[in-house]
Amino acid sequence: MGDDYVRALVHEAEYYVRHYQIDSFKTIYIGGGTPSLLSAKQIDFLLGALQNKRGRVQEITHEVNPETLDLEKLYAAEANGVSRLSLGIQSLNNAALASVHRHCSSERSLEALSIIQSCWHGDLNLDVIAGLPDQTSLAFLHSLERVLSYHPDHLSLYTLTVEDGTALASRIDEGLSWSADKADEEWLQGRNLLLQCGYRQYEVSNFAIPGHESRHNLAYWRQDDYIGIGAGAVGTVYAFDGGTGLRWTNTTNIAAYTAFWQEERHGALPRTEEELPISIEEFEYFMMGLRMLEGVDSATYRSRYASVSPWMGDIARRLEVDGGLWQRLLAEKKACISETENGKRYALSIDGLLFLNDILRKL
């Protein structure tokens, strides 16, 4: 990764600090693309600049790829305040990895895990995918058990989804063995194993030893503002006062992005923008909040969305608690209601989370 691009990242961050008068960043997440291509020197420069005189950052996550991990980068990350590593393992079964053209072997992933185990002092998240082709359910569970033997504090468990028109979809049409039902069954087996091992499911695909949940991801799901920097990055600033929020997506053209932020900047920012009317923010409150086991609460909904018709801040009416959607979910043990200091909290059960998309379509 070029030094010019890393300097451009810092210049863009500085722009948002001035524009939004940001005193400090609560969390920093270095991810997307290939962040582990950053050299140790670039990690020093980037994190030094992002944290300079902006108060203590509560959590800094650095995504790394097993194939490019080394001790020098780990030491640089820890020295610059990184408190959480996120490693994309996916599987420790070589046949399954080869079926989705994953370049990293299980041997290299195990080597990376051993390096982390020998010297890393912060939290560790590992990503695993259920339902990969060319892998039996027993082999999936064996792979997951082996991953858990490295005692990650957090684990993201996803199900492989196959999109129409992709190369993988074509290979399945041509005879590669894969079943969506089998993938779902494997995910459920993986979820149950994680719960048995003391992990708490706090979001649709995320499990943590209690106290080690991802603060950065929780900020997304709780609709906190976030600043995205870098080519292809997304940022969102909400307006809960009845105004219009803003979501932007930076250009994916790395050369154009770097040139804009390296030179004297004139004209429009190299990004596309989308206005977020309060009605969209209101729906996203449920779309994001119901992903979490903590759910949504009446006090927050009332304070943010009292202007949205026809519910005017009444979350019980919005969820059709009396004789409607939420009452049916309660009867099916897919949801619950609990008392809070300022009102009530509405959440899906771990089994209810399996039906999230269908529930959102009914809202």
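Provided above is the structure to which this section pertains.
Residues numbered from 1 in each chain as written. Predicted model: local features only at pLDDT ≥ 70, side-chain atom pairs only at ≥ 80, totals over all residues. Heavy atoms only, no water.

Engineer: Would you mind showing me how to read the environment of leucine 71 here?
Structural biologist: Within the secondary structure, leucine 71 is located in helix H3 (residues 71-79). In this structure the C-alpha to C-alpha distance between leucine 71 and alanine 49, which are 22 residues apart in sequence, comes to 22 Å. Among residues more than four places away in sequence, those in contact with leucine 71 are Ile115 and Cys119. (Helix = DSSP H or I, 4+ residues; strand = E, 2+ residues; numbered from the N terminus. Contact = heavy atoms within 4.5 Å.)

Engineer: Just checking my understanding: could you explain empty space enclosed by the protein for this structure?
Structural biologist: Over the atoms a probe the size of a water molecule is rolled, and this reveals where empty space is left. Per the stated rule, a full pass over the model turns up one cavity of 30 Å³ or more. Along the walls of the largest cavity sit Pro35, Ser36, Leu38, Ile43, His62, Val64, Leu69, Lys73, Leu74 and Ala77, which together make up its complete lining. Elements with a contribution of two residues or more to the lining of the largest cavity: strand S2 (59-64) and H3. Sorting elements by how many residues they give to the lining of the largest cavity places H3 first, with three residues. Considered class by class, the residues forming the lining of the largest cavity number seven nonpolar, two polar and one charged. (1 Å grid on protein atoms, 1.4 Å probe; cavity = no way out; pocket = protein on both sides within 12 Å on 5 of 7 lines; lining within 4 Å. Points joined across faces, edges and corners; volume = space filled by probe spheres on them. Nonpolar A, V, L, I, M, F, W, Y, C, P; charged D, E, K, R; others polar.)

Engineer: Whenever I open this one, the packing of helix H1 (residues 3-19) against helix H10 (residues 254-262) confuses me. Can you help?
Structural biologist: To describe two helices that pack against each other, one gives the angle between their axes and the distance between the axes. With their axes 8 Å apart at the nearest point, H1 and H10 run at an angle of 60° to one another. As judged from the angle between their axes, H1 and H10 are oblique. Crossing handedness for the pair H1 and H10: left-handed. Every residue of H10 that contacts H1 at Asp4, Tyr5, Arg7, Ala8, Leu9, His11, Glu12 and Tyr15 is listed here: Ile254, Tyr257, Thr258, Trp261 and Gln262. Partitioning the contact of H1 with H10 into residue classes produces seven nonpolar, three polar and three charged. (Axes fitted to C-alpha atoms, helices over the stretch in contact; angles between N-to-C directions. Parallel < 35°, antiparallel > 145°, perpendicular 65-115°, else oblique. Left-handed = near helix turned anticlockwise from the far one by under 90°.)

Engineer: So what exactly am I meant to see when it comes to the nonpolar core here?
Structural biologist: Burial of nonpolar side chains together is a common tendency in soluble globular proteins. By size, the foremost hydrophobic cluster in this structure holds 56 residues, and its most contacted members are Ile28, Leu46, Leu74, Leu85, Ile116, Leu155 and Leu157. Counting residues per element, this core draws most heavily on H1, at seven residues. Not counting residues up to four positions away in its chain, the partners in contact with leucine 85 are His62, Val64, Leu74, Ile116, Trp120, Asp123, Leu124 and Asn125. Core analysis: the next-biggest nonpolar cluster, separate from the first, contains 22 residues, Val296, Trp326, Ala335 and Leu353 among them. (Core = buried A, V, L, I, M, F, W, Y, C linked by side-chain atoms within 4.5 Å. Buried < 20%, exposed > 50% of the residue type's maximum accessible area, 1.4 Å probe, protein only.)

Keep in mind that these numbers describe shape and distance, not what the molecule does.
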